[in-house]
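Chain by chain, the residues run as shown.
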Amino acid sequence: MVMKMKRKYQISAENAKEIKEYRKKVKDKYLDQRLHVLQLLGEGSKPKEIIEKLDFEVDKRQISMWVKNFCERGGIEGFVKKRGGRFHENMSFEQESQFLEQFVENSKKGQIIETSEIKTAYEKQIGRKVDPKQIYNVLHRHNWRKVMPRSKHPKKADEETIEVSKKLNQN
């Protein structure tokens, strides 16, 4: 005898109505497609029927992951919220701006600011380690750019001319 396990995650008819309303204001085609799949599940369609009905490729595993994400993240708002990038944000844009202000002051004094300094201060403020890429993303969001001191002046004379000049000035 084969026993079927009850699905752990399910989309209710109430969720389907909520999703249908939400889809009316969605502009992202990919998000709308995923929400459409969830809506159809909530309206009683089986994954196999949905796969055949849709005009884009999706498999059962993807559908079950979308359902799981929808349920685990607390419904539409959690499902729609972007993952990656700014999802793991530690500070708001304004807080980041305030945080970077201390480095602006130092740069105005002529000090060289390194990303390693910013990373250390950032980690200290949020209380945990972060990937260096996250610091570059913060700097990019606030329109910071890499400015380095020149290694040599563009109009600097070549070494031979400098030596000749030194000999002439000694006399």
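Remember, it's a predicted structure, so these values are computed and weren't measured experimentally. (Residues numbered from 1 in each chain as written. Predicted model: local features only at pLDDT ≥ 70, side-chain atom pairs only at ≥ 80, totals over all residues. Heavy atoms only, no water.)

Student: So what exactly am I meant to see when it comes to the overall build of the protein here?
Tutor: Regarding its fold elements, the protein presents nine helices and zero strands. Starting at the N terminus and walking to the C terminus, you meet the elements of the protein as α-α-α-α-α-α-α-α-α. What you see for the protein is a C-alpha radius of gyration of 29 Å, clearly larger than the 16 Å of a compact globule of 171 residues, by over 25%. Reported as C-alpha extents along the three principal axes, the dimensions of the protein are approximately 105 × 40 × 35 Å. Excluding contacts between residues fewer than 6 apart, the proportion of contacts in the protein whose partners are at least 24 apart in sequence is 48%. Accessible surface for the protein amounts to roughly 13,700 Å². Of this, 49% is attributable to carbon and sulfur atoms. Here the protein carries 39 positive and 26 negative side-chain charges, and the mean point of each set is 3 Å from the other. (Helix = DSSP H or I, 4+ residues; strand = E, 2+ residues; numbered from the N terminus. Rg over C-alpha atoms; globule rule 2.2 N^0.38 Å. Contact = heavy atoms within 4.5 Å. Areas by Shrake-Rupley, 256 points an atom, 1.4 Å probe, with all protein chains shown as cover. Lys, Arg positive; Asp, Glu negative; His and termini not counted. Charge placed at Lys NZ, Arg CZ, Asp CG, Glu CD.)

Student: Just checking my understanding: could you explain the nonpolar core for this structure?
Tutor: Across soluble globular proteins, you tend to see nonpolar side chains buried next to one another. Residues Leu35, Val37 and Leu38 are the most contacted members of the largest nonpolar core, which totals 20 residues. Where this core is concerned, the elements lending two or more residues are α1 (13-23), α2 (29-42), α4 (60-72) and α5 (76-80). Broken down by element, the residue count for this core peaks at six residues, all from α2. If we ignore the near neighbours within four places in the chain, the residues touching Val37 are Ile50, Leu54, Phe56, Ile63 and Trp66. Within the second largest apolar cluster, 10 residues are counted, among which are Ile118, Tyr122, Val130 and Ile135. (Core = buried A, V, L, I, M, F, W, Y, C linked by side-chain atoms within 4.5 Å. Buried < 20%, exposed > 50% of the residue type's maximum accessible area, 1.4 Å probe, protein only.)

Student: Please explain the layout of surface pockets as it appears in this structure.
Tutor: The rolling of a water-molecule-sized probe over the atoms marks out the regions of remaining empty space. Computed from the structure, the largest pocket encloses a volume of approximately 640 Å³. Taken together, 18 residues line the largest pocket, and the ones lying closest to its centre are Ile113, Trp144, Arg145, Lys146 and Val147. Going through the elements one at a time, α6 (93-108), α7 (115-126) and α8 (132-141) are the ones with two or more residues in the lining of the largest pocket. For the lining of the largest pocket, the residue count by class is 11 nonpolar, four polar and three charged. (1 Å grid on protein atoms, 1.4 Å probe; cavity = no way out; pocket = protein on both sides within 12 Å on 5 of 7 lines; lining within 4 Å. Points joined across faces, edges and corners; volume = space filled by probe spheres on them. Nonpolar A, V, L, I, M, F, W, Y, C, P; charged D, E, K, R; others polar.)

Student: Just to check I follow, could you spell out unusual backbone geometry for this structure?
Tutor: Excluding glycine, a negative phi dihedral is what most residues carry, and trans is how most peptide bonds are arranged. The phi torsion at Asn143 lies on the positive side, around 60 degrees, for a residue other than glycine. Relative to the helices and strands, Asn143 is located in the loop between α8 and α9 (159-170). Residue classification places Asn143 among the exposed positions, given a relative accessible area of 68%.

Student: What am I meant to see in the side chain of Gln39 here?
Tutor: Tracing the backbone through its elements, the reader meets Gln39 in helix α2. A distance of 2.7 Å separates the side chain of Gln39 from the side chain of Arg23, its partner in a polar contact. If we skip the residues at most four places from it in the chain, Gln39 touches Ala16, Ile19, Lys20 and Arg23. (Polar contact = N/O pair within 3.5 Å; in protein donor to acceptor, adjacent residues only side chain to side chain.)

Student: Sorry, what's going on with the packing of α2 against α4 here?
Tutor: To describe two helices that pack against each other, one gives the angle between their axes and the distance between the axes. The N-to-C vectors of α2 and α4 enclose an angle of 85 degrees; their axes lie 10 Å apart at closest approach. Classed by the angle they form, the pair α2 and α4 counts as roughly perpendicular. Residues Tyr30, Arg34, Val37, Leu38 and Leu41 of α2 form the contact with α4, whose participating residues are Ile63, Trp66, Val67 and Phe70. Of the residues assigned to the contact of α2 with α4, the class counts are eight nonpolar, no polar and one charged. (Axes fitted to C-alpha atoms, helices over the stretch in contact; angles between N-to-C directions. Parallel < 35°, antiparallel > 145°, perpendicular 65-115°, else oblique.)

Student: Is there a simple way to think about the pattern of salt bridges in this case?
Tutor: Where charged atoms of side chains with opposite charge meet at close range, the side chains can pair. One pass over the full model with this rule turns up five salt bridges. Asp32 is the salt-bridge partner of Arg23, the closest N and O atoms lying 2.7 Å from each other. Notably, a salt bridge pairs Glu96 with Arg141, separated by 2.8 Å at the nearest N-O pair. With Glu96 in helix α6 and Arg141 in helix α8, the pair connects residues that are 45 residues apart, well separated along the chain. (Salt bridge = Lys/Arg side-chain N within 4 Å of Asp/Glu carboxyl O.)

Any functional reading would require information that these geometric values do not contain.
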